[in-house]
Amino acid sequence: MASELTPGVLRAITIIERVGSVFSLLGCLFVIFTFTFSKAFHKPINRLVFYASFGNMMTNVGTLMSRSYVSEIDSFGCQFQGFLIQMFLPADAFWTLAMAFNVYLTFYHKFDAARLRSMEIYYLLLCYGIPFIPAIAYVFIKTETAGRMYGNATLWCWVSSGWDIFRIATFYGPVWVVILVTMFIYIRTGGEIYKKRKQLREFGASSSAHDPESLTMDDPYSVKTTEVTVTSESAEESAHGIDLAPLGRYAPRPKPAYSVTISSDKNNGRPQQGSIILPAQSNVPPTPSTARAQAKSQKRRANYEANNAAWSYSKCALLFFTALLVTWIPSSANRVYSIINTNKISVALEIMSAIVLPLQGFWNMFIYMATSWEAVRITFSDIKVRITGRHTEPSRYSGDHNDKRNFAFRLPSRSSRKDLESESITELTNSGRTSNHDVKS
């Protein structure tokens, strides 16, 4: 069928495939490099992108070969390219399903980060194990009438036209089953996501009056200061909230009870170290009702953060699903056209397929950067400092024990291996917030 395409078109297809493959390979290397050496990128959804990037790289090894071996179907190069395309190209769709399945598990089965992480071994086995079976089997299949299974597929070596039914049965068919299942999961959770987003907007409109971190006592008639000891305990998560803080958003972490001391200073009106001077309403410690109100506010904020995490994770997963559709709709349309119109080729669909199929790793990198932009900004800032030796303005995180720069661009040492393996799940989505421990001088 490639004979219907002019040499100029075939040459253009080769160039398009290789250029797209280079962009995709660079994207995969960026994901793997930043995730490996910067803890700031260690959000759970990024872990799945990290695993998928290895498959994207192997796909691009095949797409970089382009049409180099289509006339040598018995060569190792052609058979190896066919194996890479058959195994790793559809694996990206399976990883998108894994992301959607994480959304389902979190919404309806209350999976936390630890339980989601325990699923990763199954995702690895399924996403790479299922495509491996037909991919390796096709290397050894050959008949006198149809020839070898891997042969000239116009764009590259893959399942040849004589075995066209297997393209549908073991490639496009499973991919579209995955797409439909993924779509069903998002439709199923869509109502829940909408409801929680509505709750977030309603809470955002009223939360300013119920900030649990506010310690201001605003009696305008008092000019005295007093010493007040406030004892606080972390509030437990409400059973009505969705525990999605592990998915990449900040939620108050369980902390032991602690005290904040607010004391007066009679020396020059300056606060002593470790004290906070605030206008006092009375000399009496907070009443039980005040403590209950504060605990309720903290619970409410915890649910706000957790539900906001639901939207953030789901939005990220939906972006990957959109990229999946962009990748597979043109190539699937091309395959349907070739089935309906036997021995005919649509030049436009072939070129569109050559554009979108090698770019899986690039789309994943683009979404990875967009959803981890704060980490990207900090990482490149640190690289700039290393190159130029000139420090930029102090970060708003400086001085915080959760400083993002502590996680950026560092090689792990043996002594810190255990710490690095316990990922920071909420670092990036906690930008601009401070913990209750920061209420000190």
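About the cut-offs
- Residues numbered from 1 in each chain as written.
- Predicted model: local features only at pLDDT ≥ 70, side-chain atom pairs only at ≥ 80, totals over all residues.
- Heavy atoms only, no water.
- Helix = DSSP H or I, 4+ residues; strand = E, 2+ residues; numbered from the N terminus.
- Buried < 20%, exposed > 50% of the residue type's maximum accessible area, 1.4 Å probe, protein only.
- Contact = heavy atoms within 4.5 Å.
- Areas by Shrake-Rupley, 256 points an atom, 1.4 Å probe, with all protein chains shown as cover.
- Phe/Tyr/Trp six-rings, centres within 6.5 Å; stacked < 30°, edge-to-face > 60°.
- Lys NZ or Arg CZ within 6 Å of the ring centre and 35° of its normal.
- Axes fitted to C-alpha atoms, helices over the stretch in contact; angles between N-to-C directions.
- Parallel < 35°, antiparallel > 145°, perpendicular 65-115°, else oblique.
- Left-handed = near helix turned anticlockwise from the far one by under 90°.
- Nonpolar A, V, L, I, M, F, W, Y, C, P; charged D, E, K, R; others polar.
- Core = buried A, V, L, I, M, F, W, Y, C linked by side-chain atoms within 4.5 Å.
- Disulfide = S-S within 2.5 Å.
- Lys, Arg positive; Asp, Glu negative; His and termini not counted.
- Salt bridge = Lys/Arg side-chain N within 4 Å of Asp/Glu carboxyl O.
- Patch = residues over 30% accessible without salt bridge, like charges linked within 9 Å, V, L, I, M, F, W, Y side chains within 5 Å.

Draft legend 1. Expanded view of the overall build of the protein chain. Counting its secondary structure elements, the protein chain contains 12 helices and 6 strands. Out of the 441 residues belonging to the protein chain, those deemed buried represent 48%. Summarising the internal contacts of the protein chain: among those between residues at least 6 apart in sequence, 78% fall at separations of at least 24. As displayed, the protein chain offers around 22,800 Å² of accessible surface, 61% of which is attributable to carbon and sulfur atoms.

Draft legend 2. Structural detail: unusual backbone geometry. For Lys-110, which is not glycine, the phi dihedral falls at a positive 55°. Positionally, Lys-110 belongs in the loop between helix H4 (91-109) and helix H5 (113-118). Given the relative accessible area of 40%, Lys-110 is considered partly exposed. Phi angles above zero are rare outside glycine, and Thr-154 is one such case at about 75°. Assessed through its relative accessible area of 4%, Thr-154 is described here as buried.

Draft legend 3. Quick look at the packing of aromatic side chains. Counted according to the given criterion, the structure contains 26 aromatic pairs. Among the aromatic residues, those joined into a cluster by ring pairs are Phe-35, Phe-50, Tyr-51, Phe-54, Phe-88, Trp-95 and Tyr-128. Over the ring of Phe-111 we find Arg-115; its NZ or CZ atom is 3.8 Å from the centre of that ring. Taking the ring centre of Tyr-108 as reference, the NZ or CZ of Arg-188 above it sits at 4.6 Å.

Draft legend 4. A look at the environment of Ile-351. Residue position: Ile-351 is located in helix H9 (residues 347-356). Taking the C-alpha atoms as reference, Ile-351 lies 8.5 Å from Val-9; in sequence the two are 342 residues apart. Ile-351 has contacts with Ile-13 and Ile-16, leaving out every residue within four places of it along the chain.

Draft legend 5. Representation of the packing of H4 against helix H6 (residues 120-139) in the model. As a packed pair, H4 and H6 sit with axes 9 Å apart at the nearest point and diverge in direction by 150°. Here H6 runs roughly antiparallel to H4, going by the angle between their axes. For the crossing formed where H4 meets H6, the hand is right-handed. For the pair formed by H4 and H6, the contact residues are Ala-91, Phe-94, Trp-95, Ala-98, Phe-101, Asn-102 and Leu-105 on the first element and Tyr-123, Leu-124, Cys-127, Tyr-128, Ile-130 and Pro-131 on the second.

Draft legend 6. Structural detail: the packing of helix H1 (residues 7-37) against helix H10 (residues 360-371). At their nearest, the axes of H1 and H10 sit 7 Å apart, and the two run at 40° to each other. By the angle between their axes, H1 is oblique relative to H10. As for how H1 packs across H10, the hand of that crossing is left-handed. Residues Phe-23, Ser-24, Gly-27, Cys-28, Phe-30, Val-31, Thr-34 and Phe-35 of H1 lie in contact with H10, whose contacting residues are Gln-360, Gly-361, Phe-362, Met-365, Tyr-368 and Met-369. Classifying every residue of the contact of H1 with H10 gives 9 nonpolar, 5 polar and no charged.

Draft legend 7. Region of interest: the nonpolar core. Core analysis: the largest hydrophobic core is formed by 73 residues, its most contacted members being Trp-95, Tyr-150, Trp-158 and Trp-328. No other element matches the 10 residues that H4 contributes to this core. Beyond its immediate sequence surroundings of up to four residues, Trp-158 is in contact with Gly-82, Ile-85, Gln-86, Met-149, Tyr-150, Gly-151, Ala-153, Arg-167, Phe-171, Tyr-172 and Arg-335.

Draft legend 8. Examining the state of the cysteines more closely. Per the stated rule, a full pass over the model turns up 1 disulfide. One disulfide bridge connects Cys-78 with Cys-157, the sulfur atoms lying 2.2 Å from each other. Disulfide Cys-78-Cys-157: torsion about the S-S bond near -105°, hence left-handed. Here Cys-78, found in helix H3 (residues 76-88), pairs with Cys-157, found in strand S4 (residues 157-159); they are 79 residues apart in sequence, far enough to count as distant. Looking at Cys-157, the relative accessible area reads 0%, which means it is buried.

Draft legend 9. Representation of the side chain of Arg-335. Structurally, Arg-335 can be placed in helix H8 (residues 288-340). Salt bridges are absent for the buried Arg-335, whose nearest opposite-charge side chain, Asp-164, sits at 4.3 Å. Those residues in contact with Arg-335 that sit more than four places away from it in its chain are Trp-158, Asp-164, Arg-167, Ile-168 and Tyr-172.

Draft legend 10. Structural context of the environment of Leu-89. Following the sequence through the fold, Leu-89 ends up in the loop between H3 and H4. With a relative accessible area of 1%, Leu-89 lands in the buried category. For the pair formed by Leu-89 and Thr-59, sequence separation is 30 residues and the distance between their alpha carbons is 5.7 Å. Apart from the residues within four sequence positions on either side, Leu-89 is in contact with Thr-59, Leu-84, Phe-171, Trp-328, Leu-357 and Gln-360.

Draft legend 11. Seen up close, a nonpolar patch on the surface. There is a patch of nonpolar side chains on the surface, built from Ile-121, Tyr-122, Leu-125, Leu-126 and Ile-130 and spanning about 510 Å² of accessible area. Look at Ile-130 and you get partly exposed, because its relative accessible area is 43%.

Draft legend 12. Inspection of the pattern of salt bridges at higher detail. Taken as a whole and assessed by the stated rule, the structure comprises 4 salt bridges. Where Glu-120 meets Arg-47, a salt bridge forms, and the shortest distance between an N and an O atom there is 2.8 Å. Of this pair, Glu-120 sits in helix H6 while Arg-47 sits in helix H2 (residues 44-65), and the two are 73 residues apart along the sequence. When its relative accessible area of 8% is taken as the criterion, Glu-120 is described as buried.

Fair warning: the whole summary comes from geometry, so function is off the table for now.
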